[in-house]
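Here is what each chain is made of, one letter per residue.
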Amino acid sequence: REYSDVRWDLVLDHMDQAGVSVPDRAAFEFIVDTLKLALPGKALPTGPLLKEWSNVSAQHQLLQHALQSPPQTFDFRSCSPFEVPKECSRGPENGAWCSLDVWRVLLKTSGTDGYAAVRSMFDVALKACPEVVLIGACRMVPEGHGQLLTGELLAEVVPRCFIQGTPAAPAVREVVFKSAPGVCIAILSNMATRQGTSVKAVELTLSIPGLLRAVLDDKPGHLSFEVAEAASEQKQCSLPAWMSKQLSKYGDRAALGCVKFLRSRVQNGTQKPQRPLSSGQVVALVACMQDAAGQLSPETNRMVQQFASQAQAVYPEMSFATSPAIPAAPSAPPAAPPPALVAQAPRQPPAPLQPASPTAPSGAHVPKVAPTAATPHAPPPSQPPSPPAGAPPSPPAMSQPPSHPPTGPPSAPAPSPKGAAQVPLQPPPEAPQGPPPALPGTPPVADQALQDTANRLFATVFTGDRTVQELVEICKEYARQPPDSQEHKIYNAMIEILFAECKIFPKYGPKELSITGELFGSLIWHDLVPSNNVTTASLSLALRCVLEALRREKVSKMFRFGLLALEQFLPKLPELPPLCRMLQPLQHLKADYPTYHQYIVDILEALPKEFRESSQTLSPEQLKGLNLPKPPAIVQDSSDVARPSSPAVPPAPPQAPPPQPAGSAAEDASPGGQKFRRSGSPVHPPQASASSVLNAHGFNSSPQLDNLLNDPDLQPSAPQPPAWIGNQIGQVFNALVKDNVEDKAETVRGILTPEYHDWFAMYLVKSRVSKEVNLHNTYIEFLERIGNSTLINVVTNTTYDCLRVLLKSVDEAVVSTLHRTGLKNFGFW
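Computed from a predicted model, the values in this text were never measured in an experiment.

So, how was this worked out
Residues numbered from 1 in each chain as written. Predicted model: local features only at pLDDT ≥ 70, side-chain atom pairs only at ≥ 80, totals over all residues. Heavy atoms only, no water. Helix = DSSP H or I, 4+ residues; strand = E, 2+ residues; numbered from the N terminus. Buried < 20%, exposed > 50% of the residue type's maximum accessible area, 1.4 Å probe, protein only. Contact = heavy atoms within 4.5 Å. Areas by Shrake-Rupley, 256 points an atom, 1.4 Å probe, with all protein chains shown as cover. Phe/Tyr/Trp six-rings, centres within 6.5 Å; stacked < 30°, edge-to-face > 60°. Salt bridge = Lys/Arg side-chain N within 4 Å of Asp/Glu carboxyl O. pLDDT = per-residue confidence, 0-100. Core = buried A, V, L, I, M, F, W, Y, C linked by side-chain atoms within 4.5 Å. Axes fitted to C-alpha atoms, helices over the stretch in contact; angles between N-to-C directions. Parallel < 35°, antiparallel > 145°, perpendicular 65-115°, else oblique. Left-handed = near helix turned anticlockwise from the far one by under 90°. Expected span 1.5 Å × (residues − 1). Nonpolar A, V, L, I, M, F, W, Y, C, P; charged D, E, K, R; others polar.

Asks: Please set out the overall build of the chain residue by residue, giving values where relevant.
Replies: Summing up its helical and strand segments, the chain has 35 helices and four strands in all. Expressed as a percentage of the 829 residues in the chain, the buried residues total 51%. Taking as baseline every contact in the chain between residues at least 6 positions apart, the subset at least 24 positions apart corresponds to 75%. Surface exposure of the chain reaches about 36500 Å², of which carbon and sulfur atoms provide 54%.

Next up, the structure:
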């Protein structure tokens, strides 16, 4: 009676105060008993518990006990309930775990400080009602709350209902698909990529009503191809009709997915798949892709024809026609002209390969695959070498620049003929903060599709699918096409993207820089850098980039980049007197590479005064009749990991890919008759350690930030993995983009064992997270797809360790932009 004027129904609302605590069950029961006396015959209100609190700790303490209370005390059955099959245990009678409102408040407050409390509550639910936890977690995935915790819960309950099977599992799967179809398809897609569960994924897809149609209508992936093949066997769909529809809707993505699926189900050498495809199925799929050749890019068409050529060896009774309009990538560069021709006449390009136009002309003949009698056929074209363990990875910048990504490269004019333009060697312009401004008369910015195609071409070099020389041949082929053709536009985009990368070359790892240096120099040697471009991509800027790199100290990776680039166009130096004059004073070049320096001196002495002092490039016609020196042989430098003379192949662990045979680095004949060493043939460094692997993959790509994190407390004490694991993980991160997260996660799952979790976490946080803020979301998704809660905890703890190190010297952030950037990046992470 004394407190009859108190609004007891609002007491719980006002418990969100600083200092309020509910430390144990007795405190909770005291609050409940008091409210029951004040509100006789009524269930206590649940709304206050499910709103947003400032005192999250007190809220968790109340919820921990309220979720286990009888419905007469707290009843959650009316708080956004979701469907649960009657075959399942629903947990507490108050319906707490079947309430979307309860799930939302728990996941929203499961951040850093609240994770332990929320996880302990879910641990109780996992024991009482695991099927309900599965349904609730799937319902929450699209909302995006507490993604890491949701991933942990799914990792524990998905095997129970999707792999092992329980009496209630069929009903649960149907509810999951009905309430969260996208999540259900993602679960099955993940199962389809794993060797032990792929068949189960297909069986479940065919057994859940409505799921077959949803998967077939979804974006093409490994699951959709597996399901379509199985459904066609059961006469539930037509495989060719489905494939044609996918190609029409998704184009390159569908074709690339189909080729990947075919490779996994067709015999490769002595390796036989568990469920090989019939020849009729292979023929049908390849024929569909050939019919859609006009909708696919030239690179995708080549992959299709490449697979068709390989399949001939497996299915000799079939004739896989190769379209003359879709050439295979050359397996070796063409022979270069003799030295006399370099000085007397322009280099003549080989005959055009005539790539397919992206849009097939009306009435164009597209060869199809058809069964024929077994007849002798030519061997398939040689394949690009598979990257061995330790192959150089691709730099992340080529697919997603870490800072100012270009919004689209302007189309560059075609390279001018020899002698048509004179290019002065001028200082480079200031590095822009974004894409170069559009100048009057500049062609329009290339669309995103051109950039994507160009980036895919670059990626094939860094992943080992193509050599640098093969990519250069493609550029030469595209550059010959009419300026308004799709191929020429792709060539323009590639040149512009490469030059946009110049300002971040120092952030590349040593091996990536070696590949880029060879590519950079090869483009100059083959006259593929425009000499009259009004944008940033010009021969003048290219030569300035090489010159500035050669001015660095010999031990720096940028010097090696410049040296490797220079080696590609040594015979061209007589045409570049401005560059020769600027290279001549470099004393470290003279001391360490005397043959190169003497060659430069001899060139300047052989040129007439008017040519020697010219600020412009010379044409071969202008050099006729001059007694020019021959290019020197490439210098053997044992300190250069890109070009070791006699690499030793370390023994690989049992689970490692087989090492490649040891031998000398790959060589190509130069126009001067000398042997030019190429970095495109990766080798294994002797006795590679995990620390060297970290450096090779950019672990020290930002020395200043690394110095801030070089605290003794952060030095990894856990065992370091073998070099091949470090190399492969480095390759995964360098090629990681949103579209291949699942494939890369599967790769890491297969090689990363628990004893290397600490090493992996330090590499991810210190090398990647601290610098590549634009890829944070991709890295989060990558960790979730790996699906290892222990690994996620290690990464989280490592992040805190790095933050603590930075906060030790937080006063430096007042004056250090780098320190502030590091803190900001970790806070975003």
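That was the structure; now back to the text.
Asks: Got a sec to walk through the packing of aromatic side chains? Specific residues and values, please.
Replies: Counting across every chain of the model gives 18 aromatic pairs. A ring pair is formed by Trp 97 and Phe 122, whose centres lie 5.2 Å apart and whose planes are at 40°; its orientation type is tilted. Of the two residues, Trp 97 sits in the loop between helix H2 (56-66) and helix H3 (100-108) while Phe 122 sits in helix H4 (residues 115-128), which places them 25 residues apart along the sequence. Across the pair, Phe 122 and Trp 97 agree in class, each one buried.

Asks: Let's hear about the side chain of Thr 778: which residues, and what values?
Replies: By the element assignment, Thr 778 lies in helix H33 (residues 776-786). Contact partners of Thr 778, with chain neighbours within four places excluded, come to Leu 736, Val 737, Lys 738 and Val 741.

Asks: Lay out the pattern of salt bridges with the relevant residues and their values.
Replies: Opposite charge on two side chains permits pairing when their charged atoms draw close. Per the stated rule, a full pass over the model turns up 27 salt bridges. Between Glu 477 and Arg 302 there is a salt bridge; the shortest N-O distance is 2.8 Å. Residue Glu 477 is located in helix H19 (residues 468-480), and its partner Arg 302 is located in helix H15 (residues 298-314); the two are separated by 175 residues in the primary sequence. Of the two residues, Glu 477 and Arg 302, both sit in the buried class.

Asks: Quick rundown of the environment of Leu 107? Include the residues and the values.
Replies: With respect to the secondary-structure elements, Leu 107 resides in helix H3. Note: C-alpha distance between Leu 107 and Leu 148 (41 residues apart in sequence) is 9.5 Å. When near neighbours in sequence (up to four residues on either side) are disregarded, Leu 107 contacts Phe 122, Met 140, His 145, Gly 146, Leu 149 and Thr 150.

Asks: Lay out unusual backbone geometry in plain terms, naming residues and giving numbers.
Replies: In this structure, Ser 80 is a non-glycine residue whose phi angle is positive, near 50°. Residue placement: Ser 80 occurs in the loop between H2 and H3. Here Asp 527, not a glycine, exhibits a phi torsion of approximately 60°, which is positive. Positionally, Asp 527 belongs in the loop between helix H21 (510-525) and helix H22 (539-550).

Asks: Run through the environment of Ser 54, naming residues and quoting values.
Replies: With respect to the element layout, Ser 54 can be found in the loop between helix H1 (25-38) and H2. Linking Ser 54 and Ala 18, residues 36 residues apart in sequence, is a C-alpha distance of 8.0 Å.

Asks: Let's hear about the confidence of the model for the chain: which residues, and what values?
Replies: Looking at the chain as a whole, its pLDDT mean stands at 74, while 71% of the residues score no less than 70. Helix H5 (residues 130-140) holds the highest mean pLDDT among the elements of the chain, 93, whereas helix H16 (residues 339-344) holds the lowest, 30. The low-confidence segment residues 533-537, where pLDDT is below 50, has 17 contacts with residues more than four positions distant or belonging to other chains. The model gives residues 638-703 a pLDDT under 50, and that stretch makes 142 contacts with residues more than four places away or in other chains.

Asks: Kindly report on the nonpolar core, identifying the contributing residues and their values.
Replies: Grouped together as the largest cluster of nonpolar side chains are 105 residues, with contacts concentrated most on Trp 97, Trp 103, Leu 106, Leu 134, Phe 162, Met 243 and Met 289. Once you skip the residues sitting within four places of it in the chain, Phe 162 turns out to touch Leu 134, Arg 173, Val 176, Cys 184, Ile 187, Leu 188, Met 191, Lys 200 and Leu 204. Ranked by size, the runner-up nonpolar core spans 69 residues in total, among them Phe 499, Tyr 596, Leu 607 and Leu 618.

Asks: Can you lay out the packing of helix H20 (residues 486-500) against H21 for me, pointing to particular residues and giving the numbers?
Replies: For any two helices packed against each other, the geometry comes down to the angle between their axes and how far apart the axes lie. Contact geometry for H20 and H21: axes closest at 12 Å, N-to-C directions at 130°. Taken together, the axes of H20 and H21 lie oblique to each other. When you trace H20 past H21, the crossing you get is left-handed. Contacts from Ile 495, Leu 498 and Phe 499 of H20 reach H21 at Thr 516, Phe 520 and Leu 523.

Asks: Tell me what's going on with helix H30 (residues 723-734), and back it up with residues and numbers.
Replies: Counted at 1.5 Å a residue, the expected span for H30 with its 12 residues is 16 Å, and the 16 Å between its end C-alpha atoms agrees. Counted residue by residue, H30 has 11 buried out of 12 residues, so it is predominantly covered. What H30 keeps buried is the set Ala 723, Trp 724, Ile 725, Gly 726, Asn 727, Ile 729, Gly 730, Gln 731, Val 732, Phe 733 and Asn 734.

Asks: Could you give an account of the environment of Arg 263, with specific residues and numbers?
Replies: In this structure, Arg 263 sits in helix H13 (residues 252-265). Sequence separation between Arg 263 and Gln 310 is 47 residues, and the spatial gap between their C-alpha atoms is 9.7 Å. Ignoring any residue separated from it by four or fewer positions in sequence, one finds Arg 263 in contact with Met 303, Gln 306, Phe 307 and Gln 310.

Asks: Could you give an account of the packing of H4 against helix H6 (residues 147-164), with specific residues and numbers?
Replies: The contact between H4 and H6 brings their axes to 12 Å, and the two run at 25°. The pairing of H4 with H6 is recorded here as roughly parallel in orientation. Handedness of the H4/H6 crossing: right-handed. Contact with H4, carried on its side by Tyr 115, Val 118, Arg 119, Phe 122 and Leu 126, involves Leu 149, Glu 152, Leu 153, Glu 156 and Val 157 of H6 and no other residues of that element. Here the residues of the contact of H4 with H6 sort into seven nonpolar, no polar and three charged.

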